[in-house]
Amino acid sequence: MNSRSWWWLPWLVLLGLMLWQVFGRTTVTADLSAFLPAADKAENRSERLLLEELREGAAARLWLVVLEGGSPEELAVVARGLAKRLRESGRFSQVLDGSTLLDEATRRQLLRYRYLLDPGADAGAFATERLHEQLQNRLEELGSPLAPFEKALLPRDPTAAFRRVLEGLATAGPRPVRYQGVWMSPDHRQAFLLLESTAPGMALDAQQRNLELIRSAFDRAAAGTDVRLRLSGAPWFALQSRARIRGESQWLSLLASLFLVAFMYRVWRDPRRVVLAGIPLLMGGLGGVATTSLLFGSVHGITLAFGITLLGVALDYPVHLFAHQRREESADAALARIWPTLRLGVLTTVIGYAAMAVTGFSGLAQLGVFSIAGLLLAAASVRYLLPHLLPPPRYEPRLLGLAGWLVRQHLPARVALPVLGVLLLLGPAMLLVRGDPWSHDIRDLSPVPAELRQADGSLRRSMGVAEPGYLIIVDGSDTEQVLQREERLQPLLQQAKKNGWLAGHEMAADILPSAKRQRLRQSRLPDAETLRTRFTRALRELPFRADAFEAFHHDVAQSRELPPLRPQDLQGSALGLRLSGLLRSTGSGARGIVRLHGLNQPQRLAAALQGAQMPGVQLLDLTAETSRLMDDFRREALERVLIGALLIVLVLLLALRDPQRVLRVVGGVLTAVSAALGLLILAGVSLSLFHLVALLLVAGLGIDYGLFFTRQEQGSDARRTALAILVCGVSTIGVFAILALSEIPVLRALGSTVALGATLAFVAAWLLAAGRSDTGSMRP
């Protein structure tokens, strides 16, 4: 058997490898921070802190749970049952429902350490006068039927140190009203829970397991009731985004495929050609996903959704082959005529995406790599695979007459040039009139519809959990240094609260003092004889018996010998999990996160922090820093596009050796991109990354149309070239018009922009083709 008969084997092996990588080893993510630079490439400390917080911070791990539909009593019972099951799972660092968060073992541990943890344990805490005052307070509380003090603890804790420890653990910031120990809305029609996942917010497989756990725990807790479950929060949105992208990509791909099948069959009148046209699309799509997954470890959902756009470019390659193949002519002969032009179009398009692939933004780099791999493999399929499968056509294609009519139409220069001039200047004119058209909000990259984000914001306000606009980051060489620095920060924040600058704060040092502070409090504990003398005097004129407080004397004596309580001592407990969300190790030491609630004077707080000159402490404005990052992202993306554009022009000059033809090709591209940009701005569209990617795709289409429209051809070949471009244009516009039907903002932006731009690219390339009014290429 001849070796040429095994031509299919390498393609079959390649197909098998791509299928194995795509369906066996590819995971899909939805982390929007992929469209921000890596933390190790951050330009300054603020940027690095922001990136780490966006990827790993509490806001990205927070689930919002709403229970509704039952009576207030049912809601309370279900909320307590759900919270209990979720705490027992160990998958959440915090499960907040308005009730106590301490298990019995943790309560005993805190009770034992209360004199080292007591925030009221100053130098005079055990003076005779203070002890007498505390005993008088306990006596008054014993007479109150609503006393919060636990009477059973009186013999062990007459100074109420344990109560102050528990009060110090209360979460800062506004919270909903409580009913039967559970957070509820004012009308008691909704119960609320806050869950902070131990897994990162964008670890979607782990968050999917959390979702299944929440639902199963709710089903058990709500059995036999009418209570309903509603969820929100960053992990929920990430999971919803992944599901929506997958779902919409499937039905949009199906709809686009049906359109292409029907249109291609209408044009070529040959089902085999319709099937063969799908091979480059299949190979390109699989190649893009497999390559991206192999290089990056996963594929972003937005990158996957972008794969449908390959239908708009990769389809052009077999269409050119089909259109230029004459009756009774082999595919190899047709390719010999068009391959230099087709190869140049592929090369210039790949150069444009290569500029994206080498950026420091992971998401943008994925888009570039996906496009390059997909387009190269699609083109290779047309060049080396289809000739083995494509027989000579039996029929002349439909629309050949319309293509001939296009060739014969001539617009005088006095008409064409003003039209082109208006289109070319539309973009710059709109930029001058409307100003900055770019979005500065990373949430505009989200596939989550705006109405769902608004509903989430309303829910957060009801629960008193507004998205954090500001954080204080405290860095140190280890956890002990971080805790000490937070303790120096506490008085400043308390004063800010008194001044009305903020409603409250939450930090690790509120839960666990530093070992240094614990030793200081320990040193203030009186010895046994001194304490007994002072306590006896403090009991005068009070009805308490002195021998009733032996447990108190024993605990103080024991406290003098205790080692400091450290973060690792709380591991495995609910309190330890909560602490881990505020204090964590980093590659270079440790970091504390101070959450600020109700900050309304950020400038004054920033000035106070700067004046205090606290090392390792920095106020982080998440909104401003994110906006600045988005500006940096846009600037880098535009720089990459400009570099790619210059390389494309250089390649065209070297390959064509015809400056006038290059000018026509590039002029058509610039006209289409500028006009599309101007029309988007005129429509009030706020531009994002995806509009930039779409315009880059429009540029690739414009180069393809321009290269083929300006070929020096006569007669039948001129009509076939016009037919190819006409079919390419209709198929591209149709596919992206279908994409514009998506409910996902990202896909809708891609679809509408490319459909508009492809139309303009076709018109501009046709108007600029040589010989419209004199001699030249496209005349029959």
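This write-up is about the structure you can find in this document. (Residues numbered from 1 in each chain as written. Predicted model: local features only at pLDDT ≥ 70, side-chain atom pairs only at ≥ 80, totals over all residues. Heavy atoms only, no water.)

## What to know about the overall build of the protein
On a plain count of helices and strands, the protein comes out with 30 helices and 13 strands. Across the protein, every contact between residues at least 6 apart in sequence was considered, and the portion connecting residues at least 24 apart equals 81%. As presented, the protein carries roughly 33400 Å² of accessible surface, and 57% of it is formed by carbon and sulfur atoms. (Helix = DSSP H or I, 4+ residues; strand = E, 2+ residues; numbered from the N terminus. Contact = heavy atoms within 4.5 Å. Areas by Shrake-Rupley, 256 points an atom, 1.4 Å probe, with all protein chains shown as cover.)

## Re the pattern of salt bridges
Applying the stated criterion to the full structure yields 21 salt bridges. In this structure, Asp157 and Arg114 form a salt bridge, with 3.5 Å as the shortest nitrogen-oxygen distance. You can see Asp157 sitting in the loop between helix H6 (128-142) and helix H7 (161-168) and its partner Arg114 sitting in helix H5 (residues 114-117), a full 43 residues away along the chain. Of the two residues examined, Asp157 and Arg114, each falls in the buried class. (Salt bridge = Lys/Arg side-chain N within 4 Å of Asp/Glu carboxyl O. Buried < 20%, exposed > 50% of the residue type's maximum accessible area, 1.4 Å probe, protein only.)

## As for the packing of aromatic side chains
Applying the stated criterion across every chain yields a total of 10 aromatic pairs. Taken together through their ring pairs, the aromatic side chains of Tyr115, Phe126, Phe535, Phe544, Phe549 and Phe552 make up a single cluster. Of note, Arg273 hangs over the ring of Phe322, and the distance from its end group to the ring centre comes to 5.3 Å. One residue, Arg383, lies across the ring of Trp339, its end atom 5.7 Å from the ring centre. (Phe/Tyr/Trp six-rings, centres within 6.5 Å; stacked < 30°, edge-to-face > 60°. Lys NZ or Arg CZ within 6 Å of the ring centre and 35° of its normal.)

## Side note on a nonpolar patch on the surface
On the surface, Trp6, Trp8, Leu9, Leu12, Val13, Leu17 and Trp20 cluster together into a nonpolar patch covering about 710 Å² of accessible area. Structurally, the position occupied by Leu17 is in helix H1 (residues 8-25). (Patch = residues over 30% accessible without salt bridge, like charges linked within 9 Å, V, L, I, M, F, W, Y side chains within 5 Å.)

## Quick notes on the side chain of Arg61
Looking at the element boundaries, Arg61 is found in the loop between helix H2 (45-56) and strand E2 (62-68). The buried category is assigned to Arg61, whose relative accessible area is 7%. Within the local environment of Arg61, its side chain forms a polar contact with the side chain of Glu196, the two groups lying 3.0 Å apart. (Polar contact = N/O pair within 3.5 Å; in protein donor to acceptor, adjacent residues only side chain to side chain.)

## So, the nonpolar core
With 99 residues, the main nonpolar core has Met264, Trp268, Tyr317, Leu321, Tyr705, Val727 and Leu750 as its most contacted residues. No other element matches helix H30 (residues 745-768), which puts 14 residues into this core. When near neighbours in sequence (up to four residues on either side) are disregarded, Met264 contacts Arg269, Val274, Leu315, Val319, Val727 and Ser731. (Core = buried A, V, L, I, M, F, W, Y, C linked by side-chain atoms within 4.5 Å.)

## What to know about the packing of helix H10 (residues 271-296) against helix H15 (residues 362-389)
Two elements in contact, H10 and H15, have axes separated by 7 Å at closest approach and are oriented at 145°. Taken as a pair, H10 and H15 cross one another with a handedness that is right-handed. Looking at the contact of H10 with H15, its residues break down into 17 nonpolar, 10 polar and 1 charged. (Axes fitted to C-alpha atoms, helices over the stretch in contact; angles between N-to-C directions. Left-handed = near helix turned anticlockwise from the far one by under 90°. Nonpolar A, V, L, I, M, F, W, Y, C, P; charged D, E, K, R; others polar.)

## A closer look at the packing of helix H17 (residues 413-434) against H30
Where H17 contacts H30, the axes come no closer than 10 Å and their chain directions differ by 145°. The crossing of H17 and H30 is left-handed. Along its contact with H17, which presents Ala416, Val419, Leu420 and Leu423, the element H30 presents Leu760, Ala764, Leu767 and Leu768. For the contact of H17 with H30, the per-class residue count stands at 8 nonpolar, no polar and no charged.

## Some details on the pairing of strand E9 (residues 470-476)
Taking burial as the measure, the 7 residues of E9 include 6 buried ones, the bulk of the element. Note that E9 and strand E13 (residues 617-621) share 5 bridges and pair antiparallel. Counterpart to Val474 in the pairing with E13 is Val617. Here E9 runs beside strand E12 (residues 589-597); their pairing, made up of 6 bridges, is antiparallel. Across the sheet, residue Gly476 finds its bridge partner in E12, namely Ala590. (Pairing = 2+ DSSP bridges.)

## Focus on the pairing of E12
Judged by how many residues are buried, E12 sits mostly within the fold: 9 of 9 residues are covered. Here 3 bridges tie strand E10 (residues 504-506) to E12, and the two strands are oriented antiparallel to one another. Residue Glu506 lies in a different strand from E12, and its bridge partner there is Arg595. Across 4 bridges, strand E11 (residues 583-586) lies against E12 in antiparallel orientation. Paired with Leu583 across the strands is Gly592, a residue of E12. Joining the antiparallel neighbours E11 and E12 is a turn of 2 residues.

## Focus: the environment of Ile372
Residue position: Ile372 is located in helix H15. Between the alpha carbons of Ile372 and Gly288 there is a distance of 7.5 Å; along the sequence they are 84 residues apart. Not counting chain neighbours up to four residues away, the residues in contact with Ile372 comprise Val350, Tyr353, Ala354 and Ala357.

## Quick notes on helix H27 (residues 659-682)
Because each turn of an α-helix spans 3.6 residues, side chains separated by three or four positions in sequence point in the same direction. For H27, with 24 residues, the first-to-last C-alpha span of 33 Å sits near the 34 Å given by 1.5 Å per residue. Looking at the residues trailing H27, positive phi occurs at Gly684, about 80°. (Expected span 1.5 Å × (residues − 1).)

## A closer look at the environment of Val65
By secondary structure assignment, the location of Val65 is in strand E2. Separated by 130 residues in the primary sequence, Val65 and Leu195 have C-alpha atoms spaced 7.6 Å apart.

## Points about helix H8 (residues 204-221)
Look at H8: 25 Å from first C-alpha to last across 18 residues, which is about the 26 Å you get at 1.5 Å a residue. All of the buried residues along H8 are Leu204, Ala206, Gln207, Asn210, Leu211, Leu213, Ile214, Ala217, Phe218 and Ala221. In a view along the axis of H8, the buried residues occupy a sector of 165°, so they form one face of it. (Arc of directions from axis to C-beta.)

## Digging into unusual backbone geometry
Notably, Gln613 is not glycine yet its phi reads approximately 50°, a positive angle. With respect to the helices, strands and loops of the structure, Gln613 is situated in the loop between helix H25 (602-612) and E13. A relative accessible area of 68% places Gln613 in the exposed class. Positive phi, close to 55°, is recorded for Arg657, a residue that is not glycine. Topologically, Arg657 is positioned in the loop between helix H26 (622-656) and H27.

Any link to function would need more than the numbers given here.
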